[in-house]
Amino acid sequence: MKNITRSQFLATVAAGAIAPLARPALAQRASPGIDATAKTVTVGAFTPVTGPVPFYAILTRAADAFFRHINENGGIRGWQVRYATMDDGYEPSRSVAVTRRLVEEQGIFALVAAVGTATNVAVIPYAREQGLPIIGPIGGASAFFTERHVFPLLPDYGWSAASNAEHALDGLNLRRVALLWENDELGRSAKRGFDKYMASRGIEPAESQPFDVRATDFTPQIRRLINAQADGVVMFGSNANLAAALRSANRSGYSATWFAPFFTADPSTYRLASNLLDGTYFSSWLLPVGGTEPAVTDYRSAAARFAPNDPVGVFGLNGWSNAALFAVGFEKLLDSGLPLTRPNLIDAMEQVTDASVGGARNVSFKAGDHRGTRREGIIQAKDGQFSLVREFRPYPAAAFDMPG
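Here is what the cut-offs are and how they apply
Residues numbered from 1 in each chain as written. Predicted model: local features only at pLDDT ≥ 70, side-chain atom pairs only at ≥ 80, totals over all residues. Heavy atoms only, no water. Helix = DSSP H or I, 4+ residues; strand = E, 2+ residues; numbered from the N terminus. Rg over C-alpha atoms; globule rule 2.2 N^0.38 Å. Buried < 20%, exposed > 50% of the residue type's maximum accessible area, 1.4 Å probe, protein only. Contact = heavy atoms within 4.5 Å. Lys, Arg positive; Asp, Glu negative; His and termini not counted. Charge placed at Lys NZ, Arg CZ, Asp CG, Glu CD. Salt bridge = Lys/Arg side-chain N within 4 Å of Asp/Glu carboxyl O. Phe/Tyr/Trp six-rings, centres within 6.5 Å; stacked < 30°, edge-to-face > 60°. Pairing = 2+ DSSP bridges. Axes fitted to C-alpha atoms, helices over the stretch in contact; angles between N-to-C directions. Parallel < 35°, antiparallel > 145°, perpendicular 65-115°, else oblique. Nonpolar A, V, L, I, M, F, W, Y, C, P; charged D, E, K, R; others polar. Core = buried A, V, L, I, M, F, W, Y, C linked by side-chain atoms within 4.5 Å.

Undergrad: Explain the overall build of the chain to me, please; I cannot follow it from the model alone.
TA: Along its length, the chain carries 13 helices and 16 strands. Computed over its C-alpha atoms, the radius of gyration of the chain comes to 22 Å, within 12% of the 22 Å expected for a compact globule of 404 residues. Of all 404 residues assigned to the chain, the portion counted as buried reaches 56%. Sequence separation of 24 or more characterises 70% of the internal contacts of the chain that already satisfy a separation of 6 or more. Computed over 39 positive and 37 negative side-chain charges, the separation of the two mean positions in the chain equals 2 Å.

In structure tokens form, the structure reads like this:
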């Protein structure tokens, strides 16, 4: 027999005792993680507290700040959220083991805002076997978009690269647009979308140059851009890569309009690039982290309270927003009046349409199509700040199809 906690046992007994009078959500035995008596739902995540990227734990602390903030403000329709997290060292095999522990020892209802692309992909088979919903995996794998139990916010990087190219061509009337791409899955995804979009326009990229993620000198790539007379450069890599490329361009006297992905629209990039970052554009599914929208100001104030040692930036808003996705789905499940089960949460998530989720907008899911974020805005860096300069609009149709 499966072990259950005392509170889960009491919840089950209580639900059975009052079944004739109960709301439908309490009339049947709920899934693990549901304590109907205390009105508490337990969710969990793996996170790299140790390993090669411990700073990614910022994402988890921001997700935790979201749940602490919402608990202080009445919860989700009166339900409190317990957020259980465990270190996986950013190792996919450990991620699977940690998820098993979260399920068997913590009895989680869903995996929420778990960190990493490869780590989340590794967990998919076990989660599928358990019927465990994966809500807001913080990664960018195409596998997330078609799995019935997985609901991602982050877009395919190819769609974002296409949005950058669209703004370069139509928003700024540039004509010689090049791509610099990190030579891994992140960069290759960007390249697929960029190439597809440019081909749909009948435009040959001015240049397309890969680089190693550890690159600190982009002089060879900049020379190629100069020779190609590129007036716009879409760069898909880390904020350190972007800063290094801008420094190399500055040393070479090369002037162009630069574009980059959402996760580099962060104060940390200014610390690396200084005023060389001014003028750079970013395709972004997130609102600017310095904006005045209530969801963003809530993030900044809660992060200052609950994660005071972490920088306020895109990483934090990303984690906050992926946690907020669970709140949107669980609220929809509660409103449905259906039993609080994992399958019904999955069904409820597939009813989310054009929703505002943390710093994201226009989020939708439907059966067979879990693309989530379906629009991006354009943010620009200027004088140390990030501002929305083009409102959110759908991804270019040529790139926004189901990855295959």
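Undergrad: Is there a simple way to explain the pattern of salt bridges in this structure?
TA: Side-chain pairs of opposite charge can arise where the charged atoms are in close proximity. Under the criterion given, the structure shown has 19 salt bridges. The salt bridge involving R77 is made with E331; its shortest N-O contact spans 3.2 Å. Placement of the pair is R77 in the loop between α3 (57-72) and β3 (80-87) and E331 in helix α12 (residues 314-336), with a sequence separation of 254 residues. Assessed through its relative accessible area of 30%, E331 is described here as partly exposed. Because the salt bridges share partners, they merge into one network encompassing R77, E331 and D335.

Undergrad: Help me understand the packing of aromatic side chains in this model?
TA: The description of an aromatic ring pair uses the distance of the two centres, along with the angle that the planes make with each other. Taken as a whole and judged by the stated rule, the model has 25 aromatic pairs. Relative to W159, the ring of F145 lies with its centre 5.0 Å away and its plane at 35 degrees, an arrangement referred to as tilted. Placement of F145 in the loop between β5 (134-135) and β6 (150-151) and of W159 in helix α6 (residues 157-171) is noted, with a sequence separation of 14 residues between them. F145 sits in the buried class, given a relative accessible area of 1%. The rings of F66, F67, W79, Y83, F109, Y299, W320, F326 and F330 are connected pair by pair, giving a single aromatic cluster.

Undergrad: Help me out: how do you make sense of the sheet that holds strand β12 (residues 355-357) in this one?
TA: Within a sheet, each strand pairs with its neighbour through backbone hydrogen bonds, oriented either parallel or antiparallel. If you walk across this open sheet you meet the three strands as β12-β13-β14, and the pairing is antiparallel. Of all strands in the sheet, those with a lone pairing partner are β12 and β14 (369-373), marking the two edges. Strand-to-strand, the axes of this sheet are offset by a mean angle of 35 degrees, without reference to chain direction. Bridging between β12 and strand β13 (residues 360-366) involves two bridges; their strand directions are antiparallel. Its bridge partner being in β13, A355 is matched across the sheet by V363.

Undergrad: Quick question: what am I supposed to make of the packing of α12 against helix α13 (residues 342-349) here?
TA: Between two packed helices, the angle of one axis relative to the other and the distance separating the axes together describe the packing. Close contact between α12 and α13 brings their axes to 8 Å; oriented N to C, the two are set at 105 degrees. As far as their axial angle goes, α13 and α12 are roughly perpendicular. For the pair α12 and α13, the contacting residues are L325, F326, G329, F330, K332 and L333 in the first and N344, L345, A348 and M349 in the second. A breakdown of the residues in the contact of α12 with α13 according to their chemical character gives seven nonpolar, two polar and one charged.

Undergrad: Hey, could you run me through the sheet that holds strand β8 (residues 208-211) in this one?
TA: One open sheet holds the seven strands; their spatial order is β8-β7-β9-β10-β11-β15-β16, and the pairing between them is mixed. The open sheet has two edge strands with one neighbour each: β8 and β16 (385-394). Averaged over neighbouring strand pairs, the angle between their axes works out to 20 degrees when direction is ignored. Both strand β11 (residues 281-284) and strand β15 (residues 375-382) contribute to a ladder of four bridges, which runs antiparallel. Of the residues in β15, the one forming a bridge with Y281 is Q380. Of the strands in this sheet, β7 (177-182), β8 and β9 (232-236) touch helix α7 (residues 185-200), which is tilted by about 160 degrees from β7.

Undergrad: Help me understand the side chain of N120 in this model?
TA: Note that N120 resides in helix α5 (residues 117-130). The class for N120 is buried, based on a relative accessible area of 1%. Among residues more than four places away in sequence, those in contact with N120 are F46, A114, V115, I134, P137, I138 and F144.

Undergrad: Please explain the nonpolar core as it appears in this structure.
TA: The nonpolar side chains of a soluble globular protein tend to be buried with one another. F67, W258, F326 and F330 are the most contacted members of the largest nonpolar core, which has 128 residues in total. With eleven residues, α12 is the single largest residue contributor to this core. Apart from residues no more than four positions distant in its own chain, F67 is found in contact with V43, V81, Y83, V112, A323 and F326.

Undergrad: Looking at this model, I keep getting lost on the pairing of β7. Mind explaining?
TA: In the case of a regular strand, side chains alternate between the two sheet surfaces. In terms of burial, β7 is a largely internal element, six of the six residues being buried. Bridge count for β7 against β9 is five bridges, and the pairing is parallel. If you follow V177 over to β9, its bridge partner there is G232. Sheet analysis places β7 next to β8, joined by four bridges and oriented parallel. Within β8, the position partnered with L180 by the bridge is Q209.

Undergrad: Looking at this model, I keep getting lost on helix α8 (residues 219-228). Mind explaining?
TA: Each turn of an α-helix holds 3.6 residues, which means side chains three or four residues apart point in the same direction. All of the buried residues in α8 are T219, Q221, I222, L225 and A228. Of the surrounding elements, those touching the buried residues of α8 are β7, β8, β9, α9 (239-251) and β10 (257-261). Remark: Q229 follows α8 within two positions and exhibits a positive phi of approximately 55 degrees.

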